[in-house]
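# Observations on the model geometry
Here are the chains, one letter per residue:
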Amino acid sequence: MRKLELDPRTKLFMIFAISLIVMVNAYTPLQMVIRIIVTAIPILLMTLEGKYAAAIRFAVLYAAAFILQNYYLSAGSSGLLSALITGYCGIVAQFMPAMITAWYAIRTTKINDFMSAMQKMHVPDGVSISLAVVMRFFPTIKEEYESINDAMRMRGISMGGGKVTKMIEYRLIPVMFSCVNIGDELSAAAVTRGLGAPIKRTSANEIKLRAIDYTTMVVFAVSTVLFMAAKNIG
Amino acid sequence: MKENKLKAKDFITIGIFTALVFVVEFAYMMLGFIHPYVILSYAAAIPVLCAIPMMLFYTKIEKFGMLTIMSVLIAIIMFVTGMGWIGAPLIIAVGVIADLIAKKGGYKSFKSTVISHGVFSIWVGANYIPLVVTADDYRKDMVDAGFSDDYCNILFKAVNGKTIALILLCCFIFGVIGAFVGKAVVRKHFEKAGIA
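Summarised in this report is the structure supplied together with it. Since this is a predicted model, take the numbers as computed values, not measurements. (Residues numbered from 1 in each chain as written. Chains lettered and ligands numbered in written order. Predicted model: local features only at pLDDT ≥ 70, side-chain atom pairs only at ≥ 80, totals over all residues. Heavy atoms only, no water.)

Within chain B, the secondary structure is distributed over 10 helices and 0 strands. If you list the helices and strands of chain B from N to C, you get α-α-α-α-α-α-α-α-α-α. Of all 196 residues assigned to chain B, the portion counted as buried reaches 56%. Partitioning the intrachain contacts of chain B with sequence separation of at least 6 by distance along the chain shows that 76% fall at a separation of at least 24. Summed over its atoms, the accessible surface of chain B is roughly 8200 Å², and 69% of this surface lies on carbon and sulfur atoms. (Helix = DSSP H or I, 4+ residues; strand = E, 2+ residues; numbered from the N terminus. Buried < 20%, exposed > 50% of the residue type's maximum accessible area, 1.4 Å probe, protein only. Contact = heavy atoms within 4.5 Å. Areas by Shrake-Rupley, 256 points an atom, 1.4 Å probe, with all protein chains shown as cover.)

All names here are of chain B. In this structure the tally under the stated criterion is 7 aromatic pairs over all chains. On the numbers, 5.3 Å between centres and 40° between planes, the contact of Phe 17 with Phe 57 is tilted. One end of the pair, Phe 17, is in helix H1 (residues 8–29); the other, Phe 57, is in helix H2 (residues 36–60), with 40 residues separating them in the sequence. Phe 17 sits in the buried class, given a relative accessible area of 2%. (Phe/Tyr/Trp six-rings, centres within 6.5 Å; stacked < 30°, edge-to-face > 60°.)

This part takes up a nonpolar patch on the surface. Residue and element names in this part refer to chain B. A grouping of Leu 166, Leu 169, Ile 173, Ile 177 and Val 181 is seen on the molecular surface, where their side chains present a nonpolar patch of about 430 Å² in accessible area. Inspection of the secondary structure puts Val 181 in helix H10 (residues 164–193). On the basis of relative accessibility, which here comes to 35%, the residue Val 181 falls in the partly exposed class. (Patch = residues over 30% accessible without salt bridge, like charges linked within 9 Å, V, L, I, M, F, W, Y side chains within 5 Å. Salt bridge = Lys/Arg side-chain N within 4 Å of Asp/Glu carboxyl O.)

Membership of the largest hydrophobic core comes to 88 residues, with the highest contact counts inside it found for B:Phe57, B:Leu67, B:Met70, B:Phe120 and B:Trp123. Considering each element in turn, this core owes the most residues, 14 residues, to H2(B). Residues within four places of B:Phe120 in sequence aside, it is in contact with B:Met54, B:Tyr58, B:Leu67, B:Met70, B:Ser71, B:Ile74, B:Val94, B:Gly95 and B:Ala98. Core analysis: the next-biggest nonpolar cluster, separate from the first, contains 22 residues, A:Ile18, A:Ala54, A:Ala55 and A:Phe227 among them. (Core = buried A, V, L, I, M, F, W, Y, C linked by side-chain atoms within 4.5 Å.)

Encoded structure:
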């Protein structure tokens, strides 16, 4: 069976819709339900793509934060510990849906498909190339940071020791060094493969919107409209 | 003919530095949930911290448009991470202005780079704008999200219609200070290595 693959444009639309939804807080039960549904869809899509571990991790994390936030915390809470818990539950419950969707979109979109989708939407090359690099670069930064951290630890420079400025200097500067070098290699590789050539770009894997894409978009559009309307109705 | 068009290499540079700036900014933002004063300190600390990658970025700028594209990307990322669309026009506007200022100095003059970075840093302040424009809603949202009353009181005493101009100015000043700090770091580490 062919794996379910959504068009990159559908994924972008999902991110857009979810960003709108997470920005406004949920007051009514209907809004809560919508929020849970739009969070569940990307998790479901992840399982369909075979990313079981990530799907379970996100589901558990979100559920825990959601329950904590709604049943154990109120406006009366104070103190450092509860402030910390509040903070993290706040982040998780508020931004998790957007993060999950973004993670899903980034991990399941080939850069090729992303570029042809951007081209079909007539986004200028500059924005789409840069955005593609940003998307691909977060995992790289994380990897580089971890290796640098290991290297520092091996030399006995740990996180806690020393001044704050040194801490920043010892971490940020090496990361920047490796990122600049990776960037040079990346552009050399991309240019040899014809990135930025003054002709229209073609793609071996033709993307198009299928029925499933339209269905997903309609579901998300309706959810967003309902969510916004529910707030105004009260 | 003078090469004025941006090439693929420039776009990749923009992407890398946008990612770096965002990572630095995001790491600092995570601290904001401890105390509201930390949220206020964004206006001072983020321009200075981000100046380090930014000043390295400035050494690589040679053409018009790189700062503008970066500001568009930041606006998009801010929107996706839930900062709202209200600040987006301001972010892009300061990006264009910063680009014009840097262009005036030919992207080489240190003086215009410093001012340009100060202007560019105002994007940090743009993230406060939703707090001011929709103060009541935002407060209610935060209480609902589980933030304590104390937290909100302090936050909204500090961030409101009267102080927003001050916050933006603060971003500018610390952007300028950051430019000097960043330049010193770049000189210390990168020029020696021959990267900048």
